Amino acid sequence: MADEMFRAPVNRSMRTLDRNFFRKILPLQAARVFENKNISKVRSELERSKDALHQDRLGSVFPDPDAERAKSGTKCVLLRPGRRRDAAEPNNKSDANIEGHSPPLYSPVLDTLLEQKIIDIVPYSLHLDYTYWTYHDIISAILPEDELGEVPSGFSQVGHVAHLNLRDEYLKYKHLVGEVLIDKNPGVRTVINKIDDVGEENAFRTFRYEVLAGPDDLNVEISEEGCMFKFDYSKVYWNSRLNTEHRRLVSTFKEGEAVCDVMAGIGPFAIPAGKKSIFVWANDLNPDSYTSLQDAIKRNKVASYVRPFNEDGRAFIGDSAANLLIASHKVDILSKPSRKDPKAHPTILRTLTQPQIFSHYVMNLPASALKFLPSFIGLYPPSLRAQLPVDAKMPIIHVYCFSTKSDDNVEEGRKICAEISDHLGFDIKPGKIDGGGVEVFDVRDVAPKKRMFCASFRLPEEVAFRDPTG
């Protein structure tokens with residue numbers, strides 16, 4: 001009964017949001033507390049006995065319904081829909097709807113408080129309006145009943161922008177959805193709907209969109225892993241749902257290592273890695289991503305560790321390996337400023353020297369990154385091989401890709417390894433990296449039958465030293 005009372009008013013013909021329509025006056029009862037010193041006692045006892053109103057987003061203590069009493073500070077405790085036992089009603093009668101439609105009985109606790117003259121029961125009109133109900137409540141009261149199977153509620157938030165992927169059947173309600181979503185999410189000012197797949201028509205992984213509500217302003221600022229990023233979401237790629245994956249992969253990098261981020265975007269791997277004193281050469285083909293990456297490097301003060309590039313990924317793989325061999329770069333790790341002596345100069349605790357060989361290559365372009373793998377064939381030709389450190393290990397490659405999905409991902413792992421083997425011209429199987437195998441990590445589901453994976457393996461020397469023309 002209570003659930004029905006508190007539902008939002010229904011208007012399934014609404015096409016323009018009318019916030020004033022969502023108003024409701026609920027006839028309830030309240031326990032008027034004569035003395036304020038008893039408010040806490042009364043509320044506690046009525047909550048324990050389940051006589052007090054218990055409803056999401058509503059408290060139970062309200063000003064007295066009588067204006068004069070309310071002015072003097074009198075309070076009341078709202079009661080759930082119910083009734084007191086009639087004097088002629090047998091005590092052994094069930095509390096559950098005696099006549100089928102009567103509200104359930106209040107507990108004896110209420111009668112005891114009345115007998116003690118601590119409270120009185122008075123009628124109370126509870127006014128609810130649009131601000132009370134949630135996004136789901138409002139949308140469920142607007143959409144046709146036959147389209148309520150899955151109310152459009154999932155969205156990713158990038159700064160102040162909410163990004164929806166509305167199904168076709170909900171497109172006619174798109175502006176309603178957008179307006180309500182803004183109203184019910186204080187951090188959202190703009191709602192957009194994607195109108196094509198990421199990368200479907202654009203090599204930069206940007207997408208076409210339409211604004212459903214709010215200003216057409218996609219200049220956002222976000223924080224991830226303690227790093228600040230500022231960018232135009234309409235011009236660069238960003239996926240907030242990959243936060244966990246960014247953290248996972250960066251956690252495998254060690255201080256002082258060198259990492260080559262081939263498709264770096266605006267730096268969700270590179271910038272946090274730089275914060276960990278990891279040397280990163282970060283590249284992206286998109287000029288706008290490159291500009292935002294430069295801004296992130298400066299904004300997060302990691303210029304000593306992160307170098308930005310704006311080149312073709314295939315060429316960058318080979319060029320970066322050759323250039324790192326002859327690059328010379330050191331960073332002094334300084335002591336923190338002294339609180340006791342602010343004028344004291346920091347001391348050098350240790351010095352990190354940029355390695356001559358990358359420990360990791362990151363290739364986060366799941367739609368096509370596997371096709372870049374042939375660029376690792378002959379990564380170190382004879383002219384460069386002679387410059388390699390004696391104890392040099394080949395880099396670990398982390399390549400992202402899409403595949404099908406299953407409960408155990410075994411078949412997907414085999415298929416991914418087969419693709420890697422085909423591109424490298426070298427047979428490689430699922431297994432531990434240290435044993436020469438490929439570790440396939442399940443990143444996330446992207447569609448009902450599609451999953452994103454990260455395949456990590458150490459580049460075989462047979463591939464890195466092979467003559468690519470042979």
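Note: the structure precedes this text.
Just so it is clear, the structure is predicted and the values come from calculations on it, not from any experiment.

A. The arrangement of the sheet that holds strand 12 (residues 279-283) in detail. Taken in spatial order, the 7 strands make up an open sheet running 13-12-11-16-17-19-18, and their pairing is mixed. The sheet terminates laterally at strand 13 (306-309) and strand 18 (439-447), the two strands that pair on one side only. If you compare each strand with its neighbour and ignore which way they point, the axes differ by 20 degrees on average. Bridge analysis of strand 18 against strand 19 (residues 450-458) gives 7 bridges, and the strand direction is antiparallel. Directly across from Asp442, in strand 19, lies its bridge partner Phe453. Across the sheet, helix 9 (residues 287-299) lies against strand 12 and strand 13, angled at about 165 degrees from strand 13, the strand it touches most.

B. Quick peek at the sheet that holds strand 4 (residues 119-128). Spatial ordering of the open sheet is given by 2-3-1-4, a layout of 4 strands whose pairing is antiparallel. Strands at the two margins of the open sheet, each flanked by one partner only, are strand 2 (61-63) and strand 4. On average, each strand axis in the sheet is tilted by 45 degrees relative to the strand beside it, whichever way the strands run. Pairing analysis gives 10 bridges linking strand 1 (residues 24-33) to strand 4, with the strands arranged antiparallel. If you follow Gln29 over to strand 4, its bridge partner there is Pro123. Contacts from helix 2 (residues 39-48) reach strand 1, strand 2, strand 3 (75-79) and strand 4 within the one sheet, and its direction differs from that of strand 3 by about 5 degrees. Strands strand 3 and strand 4 of the sheet are contacted by helix 4 (residues 108-115), whose axis makes an angle of about 120 degrees with strand 4.

C. Layout of helix 7 (residues 243-250). Burial in helix 7 covers these residues: Glu245, His246, Leu249 and Val250. Take helix 7 and look down its axis: the buried residues cluster within an arc of 125 degrees, on one side only. Those residues of helix 7 hidden inside the fold are in contact with strand 9 (219-224), helix 8 (270-275), strand 16 (360-363), strand 17 (396-403), strand 18 and strand 19.

D. A look at the pattern of salt bridges. By the definition in use, this model includes 19 salt bridges. Between Arg57 and Asp137 there is a salt bridge, and its shortest N-O distance comes to 3.4 Å. Note that Arg57 is positioned in the loop between helix 2 and strand 2 and Asp137 in helix 5 (residues 135-142), a separation of 80 residues in sequence. Note on Arg57: relative accessible area 46%, which makes it partly exposed. Relative accessible area serves as the criterion here: at 25%, Asp137 is assigned to the partly exposed category. Taken together, the shared-partner salt bridges connect Lys405, Asp442, Asp445 and Arg451 into one network.

E. Region of interest: the packing of helix 2 against helix 4. Packing of helix 2 against helix 4 brings their axes to within 9 Å, and their N-to-C directions diverge by 155 degrees. Taken together, the axis directions place helix 2 and helix 4 in an arrangement best described as roughly antiparallel. By crossing handedness, the relation of helix 2 to helix 4 is classed as right-handed. Where helix 2 abuts helix 4, its residues Lys41, Val42, Glu45 and Leu46 lie against Val109, Leu110 and Leu113. Taken together, the residues of the contact of helix 2 with helix 4 sort by class into 5 nonpolar, no polar and 2 charged.

Procedures and definitions
- The numbering scheme is per chain: residues are counted from 1 as the chain's sequence reads.
- For a predicted model such as this one, the threshold for reporting local features is a pLDDT of at least 70, and the threshold for listing and counting side-chain atom pairs is 80 or more; totals across whole chains, interfaces and linings nevertheless cover every residue.
- With hydrogens and water excluded, all non-hydrogen atoms of the structure serve as input to the side-chain values.
- In this analysis, strands are considered paired if DSSP registers two or more bridges between them.
- In this description a helix means any DSSP run of H or I spanning at least four residues, a strand means any run of E spanning at least two, and both kinds are numbered starting from the N terminus.
- An axis is simply a line fitted to the C-alpha atoms; with a helix, the fit covers only the stretch in contact. Between two such axes, the angle follows the N-to-C directions and lies from 0 to 180 degrees.
- The contact criterion used is simple: two residues touch if any of their non-hydrogen atoms lie within 4.5 Å.
- Buried means the residue's accessible area, taken with a 1.4 Å probe over protein chains only, is under 20% of the maximum for its type, while exposed means over 50%, and partly exposed covers the values in between.
- What the arc measures is the spread of directions leading from the helix axis to the C-beta atoms.
- When a carboxyl oxygen of Asp or Glu is within 4 Å of a side-chain nitrogen of Lys or Arg, the pair counts as a salt bridge.
- An angle counts as roughly parallel when it lies under 35 degrees, as roughly antiparallel when it exceeds 145, as roughly perpendicular when it falls between 65 and 115, and as oblique in every other case.
- In a left-handed crossing the near helix is turned counterclockwise from the far helix by less than a right angle, and in a right-handed crossing that turn is clockwise.
- Throughout, the ten residues Ala, Val, Leu, Ile, Met, Phe, Trp, Tyr, Cys and Pro are labelled nonpolar, Asp, Glu, Lys and Arg are labelled charged, and all others, Gly among them, are labelled polar.

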